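Overview (structure and organization)
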Amino acid sequence: MMTGAGAALAQGFATDAMTGYAVGGHDPVAYFIDRKPRRGVPDHELRWADTVWVFVNEGNRAAFEKAPEVYAPYFSGCDPYALAQGGVTQGNPMIFALYDGRLLLFHSEINRFLFLADPVVLDRAAQGNARRLGCPLLARR
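What comes next concerns the included structure. These figures come from a predicted structure and were not determined experimentally.

The subject of this paragraph is helix α2 (residues 58-66). Within the sequence span of α2, burial applies to Asn60, Arg61 and Phe64. The buried residues of α2 all sit within an arc of 100 degrees when viewed along its axis, so they share a single face. Looking at the buried residues of α2, the elements they touch are α1 (28-33), β2 (41-48), β3 (51-55) and α3 (68-71). If you check the start of α2, you find a side-chain oxygen 3.1 Å away from the backbone N of Gly59, and it comes from Asn57.

With that settled, the discussion passes to the packing of helix α5 (residues 109-117) against helix α6 (residues 119-130). For the pair α5 and α6, the least separation of the axes is 6 Å and the interaxial angle reads 110 degrees. One element, α5, and the other, α6, form an angle in the roughly perpendicular class. Taking contact as the criterion, the partners of Leu114, Phe115, Leu116 and Ala117 in α5 are, on α6, Pro119, Leu122 and Asp123. In terms of residue class, the contact of α5 with α6 is built from 6 nonpolar, no polar and 1 charged.

So, on to the nonpolar core. Grouped together as the largest cluster of nonpolar side chains are 18 residues, with contacts concentrated most on Phe75, Leu83, Leu104 and Phe115. Elements with a minimum of two residues in this core: α4 (80-84), β5 (92-99), β6 (102-106) and α6. In contact with Leu83, not counting residues within four places along its chain, are Phe75, Cys78, Val88, Ala125, Ala126, Asn129, Ala130, Leu133 and Cys135.

Another point: the pairing of β2. As defined by bridge partners, β2 adjoins β3 across 5 bridges and the pair is classed as antiparallel. Its bridge partner being in β3, Leu46 is matched across the sheet by Trp53. Count of turn residues in the β2/β3 antiparallel hairpin: 2 residues, of which Ala49 carries a positive phi of about 55 degrees.

Now for the packing of aromatic side chains. If you walk through the whole model with that rule in mind, you get 11 aromatic pairs. Measuring from centroid to centroid gives 5.6 Å for Phe106 and Phe115, while their planes differ by 55 degrees, and the two rings are tilted. A single burial state applies to Phe106 and to Phe115, both of which are buried. In textbook terms, an aromatic cluster arises when at least three aromatic residues are bridged by ring pairs, as seen for Phe13, Trp48, Trp53, Phe55 and Phe64. Taking NZ or CZ as reference, Arg102 lies 4.2 Å from the ring centre of Tyr74, over its face.

Rules of the game
- Along each chain, the written sequence defines residue order, and numbers are assigned to residues from 1.
- Per-residue local features of the predicted model are confined to residues with pLDDT of at least 70, and side-chain atom pairs are confined, for both listing and counting, to 80 or more; whole-chain, interface and lining totals are unaffected and use all residues.
- Only hydrogens and water are set aside; all other atoms, that is, all heavy atoms of the structure, feed into the side-chain values.
- Working definition: with a 1.4 Å probe on protein chains only, accessible area under 20% of the residue-type maximum means buried, over 50% means exposed, and in between means partly exposed.
- Only DSSP runs of H or I reaching four residues or more are called helices, and only runs of E reaching two or more are called strands; each is numbered from the N terminus.
- Starting at the helix axis, one direction is taken to each C-beta atom, and the arc is that of these directions.
- By definition, residues are in contact when any of their heavy atoms lie within 4.5 Å.
- Here a polar contact is recorded for every N or O atom pair within 3.5 Å, except that within protein the pair must consist of a potential hydrogen donor and a potential acceptor, and residues adjacent in sequence are included only if both atoms are side-chain atoms.
- In this analysis, axes come from line fits to C-alpha atoms, helices being fitted only over the stretch in contact, and the angle between any two N-to-C directions falls in the range 0 to 180 degrees.
- Relative orientations are named as follows: roughly parallel for angles under 35 degrees, roughly antiparallel for angles over 145 degrees, roughly perpendicular for angles from 65 to 115 degrees, and oblique for any other angle.
- Following the grouping adopted for this structure description, the nonpolar residues are Ala, Val, Leu, Ile, Met, Phe, Trp, Tyr, Cys and Pro, the charged ones are Asp, Glu, Lys and Arg, and the polar ones are all others, Gly among them.
- To qualify as a nonpolar core, a set must consist of buried Ala, Val, Leu, Ile, Met, Phe, Trp, Tyr and Cys residues joined through side-chain atoms within 4.5 Å.
- Here, strands pair whenever DSSP counts at least two bridges between them.
- Side-chain rings of Phe, Tyr and Trp, where Trp is taken by its six-membered ring, are said to pair if the distance between their centres is within 6.5 Å; with planes under 30 degrees apart they count as stacked, over 60 as edge-to-face, and otherwise as tilted.
- Note on geometry: a ring has a charge over it if NZ (lysine) or CZ (arginine) is within 6 Å of the ring centre and within 35 degrees of the ring normal.

As structure tokens, this is what we get:
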């Protein structure tokens, strides 16, 4: 993790460099419905926020299209524990938590554990650092 003025900004929404899909090609709605990551399919693709998202079915795609701010990873996919510490790193779509109705992606299992040990304080700190570090918050409905 890099910190300070020269910090490298994480790629938005944990976009896979090979496929270009957000959340590493996983369906963001599935985290809320199935409580686990599920790979989306190109047949159910949608472009939102200059990013391509894929879904497991048309219903999940429609739910996301109606309220993307609800389902997209909070902090634009950056690790909230790293943000709380003043750094930035892209979250891993396989290491996640649903906290306060939001999808959070973490860089490591340790970061997830540490965040969930004191989520109120760390979430507040992460929110304070997010915009400055290039991991903007989404406007929630």
